[in-house]
Structures are given as C-alpha cells and as structure tokens.
Amino acid sequence: MMKKRVIGFGVAIFISILLGGCSNNAESSSVKSSKTLISKTKVSANEAIKVYQKTYPDTSVTSLELEKSLRGPVYKVEGIDDQKEYQVNINAKNKKILQNSQEELDEDDQNESDRKADTLDLSNLISVKKAARIAEKKVKGGKSTEFSLDKDLGTTYWDVTVKKGSQEKNIKINANNGKVLQVEND
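The rules behind each value
Residues numbered from 1 in each chain as written. Predicted model: local features only at pLDDT ≥ 70, side-chain atom pairs only at ≥ 80, totals over all residues. Heavy atoms only, no water. Helix = DSSP H or I, 4+ residues; strand = E, 2+ residues; numbered from the N terminus. Buried < 20%, exposed > 50% of the residue type's maximum accessible area, 1.4 Å probe, protein only. Contact = heavy atoms within 4.5 Å. Areas by Shrake-Rupley, 256 points an atom, 1.4 Å probe, with all protein chains shown as cover. pLDDT = per-residue confidence, 0-100. Pairing = 2+ DSSP bridges. Axes fitted to C-alpha atoms, helices over the stretch in contact; angles between N-to-C directions. 1 Å grid on protein atoms, 1.4 Å probe; cavity = no way out; pocket = protein on both sides within 12 Å on 5 of 7 lines; lining within 4 Å. Points joined across faces, edges and corners; volume = space filled by probe spheres on them. Nonpolar A, V, L, I, M, F, W, Y, C, P; charged D, E, K, R; others polar. Arc of directions from axis to C-beta. Expected span 1.5 Å × (residues − 1).

*Asks:* Explain the overall build of the chain residue by residue, including any values.
*Replies:* Looking only at helices and strands, one finds 4 helices and 8 strands in the chain. A total of 186 residues make up the chain; the buried ones form 35% of that total. A separation of at least 24 residues holds for 46% of the contacts in the chain among residues at least 6 apart in sequence. Per element, the accessible surface of the chain, about 11500 Å² overall, is 49% carbon and sulfur.

Here you go:
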C-alpha cells in the first residue's frame, strides 16, 4: 500500500512539473508572438488611416486597433459620419483591405457634437513602434502585445497592453506627444 502511495505521489509530482513546463512554454510563446506582432507590421498606423479615409472619405476616424490574426497583423479602423458607422480591416503587412462594413447609426448616435467628441486627433500621431517602446520602458522588461488608439476627455491616446511574466499592464500614452498618462494593472 505504501509503495502505491509513493508511486502515485511521484507521478503527481511528474505531472505537475510537466504541466508547469507547458504553461511556461505557452507564456514564452505568447511573449514571442507579441514581439512578432510589431516586427511583422510593415504598415504604419497613419498609412492604415489613409486607406480607411480613401475607402470612406468625409468620415471621422473614431478608433484604431492593431491585432494579431491568422493572416498576420491587422489594423481595424472605425469611423462615423452623420448617418453611418464604418469599419475597415487592413492587412498590416501590405495595406490590402481584408474586410469593410457600414451600418446605420441609431437616432441617439446621430448627434454632431458626439461625432466631434469621438473623432481622434490624428495630428502628430506617434507610431505604434514608439508607443511600444514607451510602454515597455515604463514596465521595464515587458513586451507589448495589444494596441488601440482611442479618445477620452478630449485626449487621443494609445492604450498598450504589456505582458511581463504572468502580469499584464495597460499603459495609456498621449498619442500626440508620447507622455504616459496612466498605468493600470490588469
């Protein structure tokens, strides 16, 4: 009976070590894949915005995200005009449009003052790479994994998710001057 317990205990320890190794490898590959998100991105945020604006002229850009997908890095650019909201997904390696869509706005959303409040300030926009460097410097040793460009209280900012080990932090950076606005633990 004692021999079975010792063997069972040994098997349990072996499985724990094996699973622990797997989770570290998953975490390591997550950090590697986040590094490749930026290295695989050949199109700047400004270029993606120009593709959106060419597709939907006379609209206001309200958000931009850089995401990892099966096809590689993709920009998702959203915007509005007085009647509709728009979205264009753009391959971040070659500027090709992967998908675009438009949808009627609700009556509540058809307010010109809301449109102005939601429109991003695209003047002097710092690059995704610069936002990543600023965020990673703030976290000291982490890797940037997600990027979105948003606006709150009149300030357009990059929201950069940085992973360091098992921790995630969201760094909000003024998208026009590079100043760190906020650091949040996830």
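*Asks:* I'd love a proper account of the confidence of the model for the chain, names of residues and values included.
*Replies:* In the predicted model, the chain carries a mean pLDDT of 83, and 78% of its residues have values of at least 70. Scored below 50 in pLDDT, residues 9–35 makes 8 contacts in the model with residues more than four places away or belonging to other chains.

*Asks:* Tell me about the sheet that holds strand E1 (residues 60–69), and please be specific about residues and values.
*Replies:* The sheet built from 8 strands is open, its strands ordered E4-E3-E2-E1-E5-E6-E7-E8 with antiparallel pairing. The open sheet terminates on both sides in strands that have one partner only, identified here as strand E4 (97–104) and strand E8 (180–185). In this sheet, adjacent strand axes meet at a mean angle of 15 degrees when their direction is disregarded. As defined by bridge partners, strand E6 (residues 155–164) adjoins strand E7 (residues 167–174) across 8 bridges and the pair is classed as antiparallel. In the sheet register, Lys164 faces E7, and the bridge partner there is Gln167. Packed on one face of the sheet, helix H2 (residues 45–55) meets E1, strand E2 (72–80), strand E3 (84–91), E4 and E6 and runs near 50 degrees to E2. Packing of helix H4 (residues 128–139) onto the sheet brings it into contact with E1, E2, strand E5 (143–152), E6, E7 and E8, and relative to E6 it is tilted by some 55 degrees.

*Asks:* Provide a residue-level description of the layout of surface pockets, including the pertinent values.
*Replies:* Considering only enclosed or pocket space, the largest pocket measures out at about 150 Å³ in volume. Every element with two or more residues in the lining of the largest pocket is listed here: H2 and H4. Residues that form the lining of the largest pocket fall into these classes: 8 nonpolar, 4 polar and 2 charged.

*Asks:* Any details on the pairing of E2? Residues and values, ideally.
*Replies:* Counting buried residues in E2 gives 8 out of 9 residues, a clear majority hidden from the surface. Pairing analysis gives 9 bridges linking E1 to E2, with the strands arranged antiparallel. Each bridged residue has a counterpart across the sheet, and for Val61 the counterpart in E2 is Gly79. Between the antiparallel neighbours E1 and E2 lie 2 residues. Bridging between E2 and E3 involves 7 bridges; their strand directions are antiparallel. When the bridges of E3 are listed, Val74 appears paired with Asn91. What sits between the antiparallel neighbours E2 and E3 is a turn of 3 residues.

*Asks:* Describe H2, with residues and values.
*Replies:* Of the residues making up H2, those classed as buried are Ala45, Ala48, Ile49, Val51 and Tyr52. The arc enclosing the buried residues of H2, seen along the axis, measures out at 155 degrees, which places them on a common side. Facing away from the buried side of H2 by over 90 degrees, the exposed positions are Lys50 and Lys54. The inward-facing, buried residues of H2 contact E1, E2, E3, E4, H4 and E6.

*Asks:* An account of the side chain of Thr62 is requested, with residue identities and associated values reported.
*Replies:* Here Thr62 lies in strand E1. Beyond its immediate sequence surroundings of up to four residues, Thr62 is in contact with Glu78, Gly79, Ile80, Asp118, Leu120 and Leu149.

*Asks:* Residues and numbers for H4, please.
*Replies:* Spanning 12 residues, H4 covers 16 Å between terminal C-alpha atoms, matching the ideal 16 Å at 1.5 Å per step. Those residues of H4 not exposed but buried are Val128, Ala131, Ala132, Ile134, Ala135 and Val139. The buried residues of H4 all sit within an arc of 165 degrees when viewed along its axis, so they share a single face. Counted as exposed and oriented over 90 degrees from the buried face of H4: Arg133 and Lys137.

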